[in-house]
Amino acid sequence: MKLRHAERRDTIPFGIASFRIAGFILWPFGRTTVERPDAGAASCVGNVIWLVFAGWWLALAHLITSIPLFLSITGIPFGWANLKMIPVSLMPLGREVVSTDQDFGGRY
């Protein structure tokens, strides 16, 4: 079955959000996510769809995997990084990953 152009275009925002999450997971240190000021109603609708089909179990997986990471000294930074990924896993549309002012391992 051949897809029409309009049907393929509808999946692009979810693919971009998936790659945004993947890049943030690959190296979360020294970066954070912020809401984009130009995000509109389409991002809100897309976030609701994402939350129902993918977001809740991604956030739950990050929460569950952070618990054993906190049990070892070397895993604590990775546990915090896992918890930092929960908001972007729940609702990735209308967000962007930006650098923070802190160095790797810096304190607040």
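Everything that follows concerns the structure shown earlier in this document.
Residues numbered from 1 in each chain as written. Predicted model: local features only at pLDDT ≥ 70, side-chain atom pairs only at ≥ 80, totals over all residues. Heavy atoms only, no water.

Right, let's get into helix α2 (residues 12-26). With 15 residues, α2 extends 21 Å between its outermost C-alpha atoms, agreeing within 8% with the 21 Å of an ideal straight helix rising 1.5 Å per residue. Among all positions of α2, only A17, R20, I21 and F24 are buried. Projected down its long axis, α2 shows its buried positions confined to an angular sector of 95°, all on one face. For α2, exposure combined with an orientation more than 90 degrees from the buried face picks out F19 and L26. (Helix = DSSP H or I, 4+ residues; strand = E, 2+ residues; numbered from the N terminus. Expected span 1.5 Å × (residues − 1). Buried < 20%, exposed > 50% of the residue type's maximum accessible area, 1.4 Å probe, protein only. Arc of directions from axis to C-beta.)

It is worth spelling out the packing of aromatic side chains at this point. All told, the structure shown has one aromatic pair when counted by the stated rule. Aromatic pair F70 and W80: ring centres 5.4 Å apart, planes at 85°, arrangement edge-to-face. Remark: W80 occurs in helix α4 (residues 76-84) and F70 occurs in the loop between α3 (41-69) and α4; sequence separation between them is ten residues. By relative accessible area, which is 30% here, F70 ends up partly exposed. (Phe/Tyr/Trp six-rings, centres within 6.5 Å; stacked < 30°, edge-to-face > 60°.)

What follows covers the side chain of H62. Along the chain, H62 falls in helix α3. Residue H62 is classed as buried on the basis of its relative accessible area of 10%. Within polar-contact distance, the side chain of H62 engages the side chain of N82 at 2.8 Å. Discounting residues that sit within four places of it in the chain, H62 has contacts with I25, N82, M85, I86 and S89. (Polar contact = N/O pair within 3.5 Å; in protein donor to acceptor, adjacent residues only side chain to side chain. Contact = heavy atoms within 4.5 Å.)

One way to put it is that α3 packs onto α4 with a least axis distance of 8 Å and a crossing angle of 165°. It follows from the interaxial angle that α3 and α4 lie roughly antiparallel. Our pair here, α3 against α4, has a crossing hand that is left-handed. Residues H62, L63, T65, S66 and L69 of α3 form the contact with α4, whose own contacting residues are I76, F78, G79, N82 and L83. Here the residues of the contact of α3 with α4 are counted per class, giving five nonpolar, five polar and no charged. (Axes fitted to C-alpha atoms, helices over the stretch in contact; angles between N-to-C directions. Parallel < 35°, antiparallel > 145°, perpendicular 65-115°, else oblique. Left-handed = near helix turned anticlockwise from the far one by under 90°. Nonpolar A, V, L, I, M, F, W, Y, C, P; charged D, E, K, R; others polar.)

Our focus in this paragraph is the side chain of N47. One can find N47 in helix α3. For N47, a relative accessible area of 9% gives the class buried. Contacts of N47, omitting those with residues within four sequence positions, involve L90, M91, P92 and L93.

Membership of the largest hydrophobic core is limited to eight residues, which are I21, F24, F29, W50, A54, A81, M85 and V88. Breaking this core down by element, the ones donating at least two residues are α2 and α3. When neighbours within four sequence positions are excluded, A81 is seen to be in contact with P28 and F29. (Core = buried A, V, L, I, M, F, W, Y, C linked by side-chain atoms within 4.5 Å.)

That is the geometry; function is a separate question.
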